[in-house]
Amino acid sequence: MSLLFRKRHDDSDNENLDRWLLTYADMITLLLAFFVVMYSISQVDSAKFRKVTEALTAALDGNPRVRRASPGDLEGGGLLKKQKTLEQLLNLQKEIGAISRLLNLDLQISTELQHRGLVIHISESAFFDLGKADLKPEATRVLDLLAVELLKIPNHIRVEGHTDNLPIKTARFPSNWELSTARAASCLRYLVEKHHFPPDRISALGYAEYRPIAPNTTVEGRNRNRRVDIVVLTPEDIIIEPVDQTAPKKPDSLSGISS
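Residues numbered from 1 in each chain as written. Predicted model: local features only at pLDDT ≥ 70, side-chain atom pairs only at ≥ 80, totals over all residues. Heavy atoms only, no water.

Structural notes on the sheet that holds strand β1 (residues 109-114)
Rules: For two strands to be treated as a pair, DSSP must find at least two bridges joining them. By the criteria applied, helices consist of DSSP H or I runs no shorter than four residues and strands consist of E runs no shorter than two, each listed in order from the N terminus. Lines fitted to C-alpha atoms define the axes here, with helix axes fitted over just the stretch in contact, and angles between the N-to-C directions of these axes take values from 0 to 180 degrees. Contact definition: two residues touch when any of their heavy atoms are within 4.5 Å.
Taken in spatial order, the 5 strands line up as β1-β2-β5-β3-β4 in an open sheet, and their pairing is mixed. Edge positions in the sheet fall to β1 and β4 (202-206), since each has one partner strand and no second. Looking at each pair of strands side by side, their axes are set apart by 20° on average, direction ignored. Two strands pair when backbone bridges link them, and β1 and strand β2 (residues 117-123) are joined in this way by 6 bridges, in the antiparallel orientation. Paired with Thr111 across the bridge in β2 is Ile120. Across the sheet, helix α6 (residues 137-150) touches β1, β2, β3 (157-162) and β5 (227-233), and the angle it forms with β5 is around 10°.

Structural notes on the pattern of salt bridges
To keep things clear, this is the line we draw: The working definition used for a salt bridge is a side-chain nitrogen of Lys or Arg within 4 Å of a carboxyl oxygen of Asp or Glu.
A full pass over the atoms with the stated rule returns 10 salt bridges. We note a salt bridge from Arg227 to Asp229, for which the minimum N-O separation is 3.1 Å. In this structure, a network of salt bridges that share partners links the residues Glu124, Asp164, Arg183 and Arg226.

Details of the nonpolar core
Cut-off, in case you're wondering: What we call a nonpolar core is a set of buried Ala, Val, Leu, Ile, Met, Phe, Trp, Tyr and Cys residues that are connected through their side-chain atoms within 4.5 Å. Throughout this description, buried means an accessible area under 20% of the type-specific maximum (1.4 Å probe, protein chains only), exposed means over 50%, and partly exposed covers the range between.
Counting residues in hydrophobic clusters, the biggest one holds 34 residues, and the most contacted among them are Ile122, Phe127, Leu146, Leu150, Ile230 and Val232. Counting residues per element, the ones that place at least two in this core are α4 (78-102), β1, β2, α5 (124-127), α6, β3, α7 (176-195) and β5. When residues in this core are grouped by element, the largest group, 6 residues, is from α6. If we skip the residues at most four places from it in the chain, Phe127 touches Ile122, Asp134, Leu135, Lys136, Ala139, Val142, Leu143 and Cys187.

Details of the packing of α6 against α7
Here is the rule: For any helix crossing, the convention is left-handed if the near helix is rotated counterclockwise from the far helix by under a right angle, and right-handed if that rotation is clockwise.
Viewed as axis vectors pointing N to C, α6 and α7 meet at an angle of 65°, and their least axial separation amounts to 11 Å. As for the relative orientation of α6 and α7, their crossing is right-handed in sense. Note on element contacts: α7 touches α6 through Cys187, Tyr190, Leu191, Lys194 and His195, opposite Thr140, Leu143, Asp144 and Ala147.

Looking at the packing of aromatic side chains
Where we set the bar: Between the rings of Phe, Tyr and Trp (Trp by its six-membered ring), a pair exists once the centres lie within 6.5 Å; its type follows the angle of the planes, with under 30 degrees stacked, over 60 edge-to-face, and the other angles tilted.
In this structure the tally under the stated criterion is 2 aromatic pairs. Each ring, one from Phe127 and one from Phe128, has its centre 6.1 Å from the other, and the planes form 75°; the classification is edge-to-face. Of the two residues, Phe127 and Phe128, both sit in the buried class. Relative to Tyr210, the ring of Trp177 lies with its centre 5.2 Å away and its plane at 25°, an arrangement referred to as stacked. With Trp177 in helix α7 and Tyr210 in the loop between β4 and α8 (219-225), this residue pair connects regions lying 33 residues apart in the sequence. Since its relative accessible area comes to 42%, Trp177 is described here as partly exposed.

Brief notes about the confidence of the model for the chain
Keep this limit in mind: On a scale of 0 to 100, pLDDT captures the predictor's confidence in every residue.
Taken residue by residue, the chain gives an average pLDDT of 80. The fraction at 70 or more is 68%. Here helix α3 (residues 71-74) stands out as the element of the chain with the lowest mean pLDDT, 47, in contrast to α7, whose mean of 98 is the highest. Under a pLDDT of 50 for its full length, residues 64-76 has, in the predicted model, 19 contacts with residues more than four places off or in other chains. In this model, residues 251-259 is a region of pLDDT below 50 whose contacts with residues beyond four sequence positions or in other chains number 1 contact.

Overview of unusual backbone geometry
In terms of backbone geometry, most residues other than glycine have negative phi values and most peptide bonds are trans. Although it is not a glycine, His196 adopts a positive phi angle of roughly 55°. Mapped onto the fold, His196 is located in the loop between α7 and β4. One non-glycine residue, Ala208, adopts positive backbone phi at about 55°. Within the secondary structure, Ala208 is located in the loop between β4 and α8.

Here we look at the side chain of Arg227
With respect to the helices, strands and loops of the structure, Arg227 is situated in strand β5. The exposure class of Arg227 is buried, given its relative accessible area of 5%. Excluding anything up to four places from it in sequence, Arg227 contacts His121, Ile122, Ser123, Glu124, Glu160, Gly161, His162, Arg211, Pro212 and Ile213.

If you want it as structure tokens, here you go:
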């Protein structure tokens, strides 16, 4: 009887001693699974990255043609920067749409994503009287709301004035060049003086009738062409903006080349 009891006791001890193998096996399995997952996410799927890059590029280009991803898109966070820029512009586009609906200006304010950034088209009738460059009272309300959104992002803002191809010749505006430039400058000055927009982050250009978005052969087309465009530039296009040559140069800044 005592021998039988001892045998059962020994068998129980062996079973208890062997249980650590189960724990050890579970731990090895979990470690293996962990390293497999870590290895898989560390491998760049170039095909998927290329598709994402092509989609982002097509959206920013504003045309159906797609450019293949370059090595720079996958290195140095290039793809992530483009994705972040696109997200910022899409969010801003959404806010601008809400503003135009709030002011019942859906037909006078529109937005468009282009390669250079987000373009906010504002028709002449929303901001100016025909042949003039003084902001209407209702124009300041629009700029007040736009300024709140534009100040949230670090992008450079370019204000562009456009006219139709009908000639103008007044004491103040000898041609459409002066008219388009004065309108852009009026918007810029209001944003800087009223909302303290950083002057080094905004610029004004006048294109006269030479950047139409519709044919000037119809009244509707000329109405569309008489506009002010507020362009939120992408970081890539900010590089081509003139810089303050007297400011201390950063180590990674581009050096000017003169001949």
